[in-house]
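# Residue-level structural notes
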Amino acid sequence: MCWEFPINNGGQFHGIGDSGIDLFKGDPMKGLTREICQNSIDARVNDKEAVRVEFKAFEIDADCLPQRKQLLAYYQEVYEFCKSQEFAKATEYFERTIPILQRPRIQMLRISDFNTSGLVGADVAAEKFTTPWYRLVRSVGSSDKVEGSIGAFGSGKQACFSCSDIQTVFYSTYDENKIEAYQGVSKLISFMDADNNLHSDVGYYSSKNCMPFYEQFKIDVDFDRNEPGTDVYIVAFKSANSDWKKELVVAVLDGYLYAIKEGHLVVQIDDILIDCEHVSELIEQYKNDISNKTYDYYCVLNNADSEIRYFSYIEENDVELHMLMKPDLHRRVAMIRFPGMKVFDKGSISATVSFAGICIIRGKKISKLLGGLENIQHNAWELSRYRDEPENQVEAQAKIKKIYGDIKKLFNELKGQDTEGEIDPEIGDCLPDPMSDKEENQESIKDEVLEIRTRSSKPVEPHSALEIEDENGDDGTDGGTSGGVGVHVGGGHITEDPDPGPGPGDEPGDNPVPSQSSIESKIKKKVQRVPATIRYFVEDAAKGEYEINITPKEYVKDGQIIVFMSAETDKYKADIKMAKTRNKNLDISGNIINGINLEKGVKTAIQIKFDYSDICSLEVIVYGH
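In short, a report on the structure. In this text the structure is predicted, and so the values were computed from the model without any measurement.

## Considerations on the packing of helix H7 (residues 244-261) against helix H9 (residues 292-302)
Put simply, H7 and H9 touch, their axes get as near as 10 Å, and they point 15 degrees apart. As judged from the angle between their axes, H7 and H9 are roughly parallel. For H7 against H9, the interelement crossing comes out right-handed. Contact residues: H7 offers Leu253, Asp254, Leu257, Tyr258 and Lys261, while H9 offers Thr294, Tyr297, Tyr298, Leu301 and Asn302.

Encoded structure:
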């Protein structure tokens, strides 16, 4: 029983900045909640009972952590190596984390699920590399789930490490075959030992050859598992001294409201129970913390005036639609893949009439078809994911067109207008394609760009350096789960932003940043998302340096550029440290570049630096007056 960082002579050197872990650091609790609940729902075994997920914080004596002194010795050895190599960032990391391992007490977070299959495959971990156990515990960027299944890209597990001050996690399971197993994983940096052997950056608390122990991990004295499921233990839980319970509650309500309300998911966060019986009081209690759209969807599910319709596309009643006409709603439809995770918020339905809706993709066949369109972040549908399966692409496009058409029909019916007129089904919601390897115009059906105009409005205080609402009332700076925003650019690939209008996520609209003069006159100028061709290059990944080339299709005056980093199921605000063009420093605020002018049809190169040390995928949005 020991910690082992395997020798990796001749292998690749990995620095302290794990791209997957860093990606979740902007909002670790949100990422943790989304990834954990998704994986648990995927492993559900009894559809008649809810999946239960439990988050429990506790504290242990430091000596209860398996082989703590040995792990501390590794930390100190790697620290000396980093100093000798003058790795500034890594040296700072170990100066911060070594004292944590020297404390007499260590904070822990246990995450457990029930009514799940557990992590099957620990008993064959030595020879089968495609089992859930091996893919979660031992592999990187790997998953054996079918394309379109939530968590199919295998990188969301890094969310757990982002919540650990020492990037150390223990996995324990009692699976459906009654196999018990556990193993620890710690992520540091590749390092050279005294004998000049290069070691892997990933270490394991394990038996011989990094194999698991065949028993359950017993470190929480108040917990004893006696039914199948998985337990994840986060060591040195970094949010233990913050209001972590509220952050988790808000993330669960925003992402899984329908699943909770319909009894598919129950979440216990310490002493807070989130289930169908308590969700109403929690929605009211956390009304000021959850997304406004979430509260709207709650109203849709609980208002007797909501219209409910069922549609049959492949199987009988395989799509369910709820819609409510009521003042001050945000004019969005939550697109939900059964049994209840919201994929994105569908907009571009109405610019003036307040309403909200929920569309549940219930049928297994249509869920599989449309699930194959989901992007890596699981927050948008992209038709080009079926480019190698043209029959599926044609069928998926037809089904999306029909779904969006029926949403618009029901909206027009409830609004009281003739539904025989032209219907715009917004196929552009599926685009652009972040995995495209060439620059191309994507074929889409979309709304016309509204002309810039002024209107009377109440003055508001901006929440950040940029507060923009789209024509459907969506906050342009929201880094939430709505997804499908802006230009998706992955791995240096090129995609072209379609014209503004369609899209499941955030788009610009009638509420720009109010200047003092606009507040005094109670007039706001409209800002809009600007269509543009965008390409980026990695200049120095270790230093977080990139070049973004933007060629707008319209002239941009005093515009804003918003940059996100893409994760498996969400996007996160990029922490921009520097941005400049033509050696002129630009004004930055968080993940926003402010006050930039761009010439129509002229490429502008922007050098940008993030607080990030590995290659990442970007999402870029351009706004202008």
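Anyway, onward from the coordinates.
## A look at the pairing of strand E23 (residues 545-552)
The element E23 is largely enclosed, with a buried count of six among its eight residues. As defined by bridge partners, strand E22 (residues 532-540) adjoins E23 across eight bridges and the pair is classed as antiparallel. Across the sheet, residue Asp540 finds its bridge partner in E23, namely Glu545. In this antiparallel pair of consecutive strands, E22 and E23, the connection spans four residues, and Gly544 shows a positive phi of 70 degrees. Across six bridges, E23 lies against strand E30 (residues 604-610) in antiparallel orientation. Counted as the bridge partner of Ile550 is Thr604 from E30.

## Re the packing of helix H2 (residues 28-42) against H7
At a minimum axis distance of 9 Å, the contact between H2 and H7 shows a crossing angle of 50 degrees. Between H2 and H7, the interaxial angle falls into the category oblique. The element H2 and its partner H7 pack so that their crossing is right-handed. Contacts from Met29, Lys30, Thr33, Arg34, Cys37, Gln38 and Ile41 in H2 reach Trp244, Glu247, Leu248, Ala251, Val252 and Tyr256 in H7.

## Let's talk about the packing of aromatic side chains
Evaluated as defined, the whole model comprises 27 aromatic pairs. With a centroid separation of 5.1 Å and 80 degrees between ring planes, the pair formed by Tyr93 and Phe94 is classed as edge-to-face. Taking the relative accessible area as the measure of exposure, Phe94 reaches 0% and is therefore buried. With a centroid separation of 6.0 Å and an interplanar angle of 55 degrees, the aromatic rings of Tyr536 and Tyr546 are classed as tilted.

Cut-offs and rules
Each chain has its residues counted from 1, running along the sequence as written. Only residues with pLDDT of 70 or above have their local features reported here, since the model is predicted, and side-chain atom pairs are shown and tallied only from 80 upward, although totals for entire chains, interfaces and linings are computed over all residues. Hydrogens and water molecules were not included; the side-chain quantities draw on all heavy atoms of the structure. Each axis is a line fitted through C-alpha atoms, taken for helices only over the stretch in contact, and angles between the N-to-C directions span 0 to 180 degrees. Starting at the N terminus, helices and strands are each numbered in turn, a helix being any DSSP run of H or I of at least four residues and a strand any DSSP run of E of at least two. To sort the angles, those under 35 degrees are grouped as roughly parallel, those over 145 as roughly antiparallel, those from 65 to 115 as roughly perpendicular, and the leftovers as oblique. Helix crossings fall into two classes, left-handed where the near helix is turned counterclockwise from the far one by less than a right angle and right-handed where it is turned clockwise. Contact between two residues is taken to exist if any of their heavy atoms lie within 4.5 Å; hydrogens are not considered. The cut-offs for exposure are 20% and 50% of the maximum accessible area for each residue type, with area from a 1.4 Å probe on protein chains only; residues under the lower value are buried, those over the upper are exposed, and the others partly exposed. Strands pair, by our definition, only if DSSP identifies at least two bridges between them. Ring geometry is summarised as follows: Phe, Tyr and Trp rings, the Trp one being its six-membered ring, pair when their centres sit within 6.5 Å, and such pairs are stacked at plane angles under 30 degrees, edge-to-face over 60 and tilted between the two.

The analysis is restricted to geometry; functional conclusions fall outside its scope.
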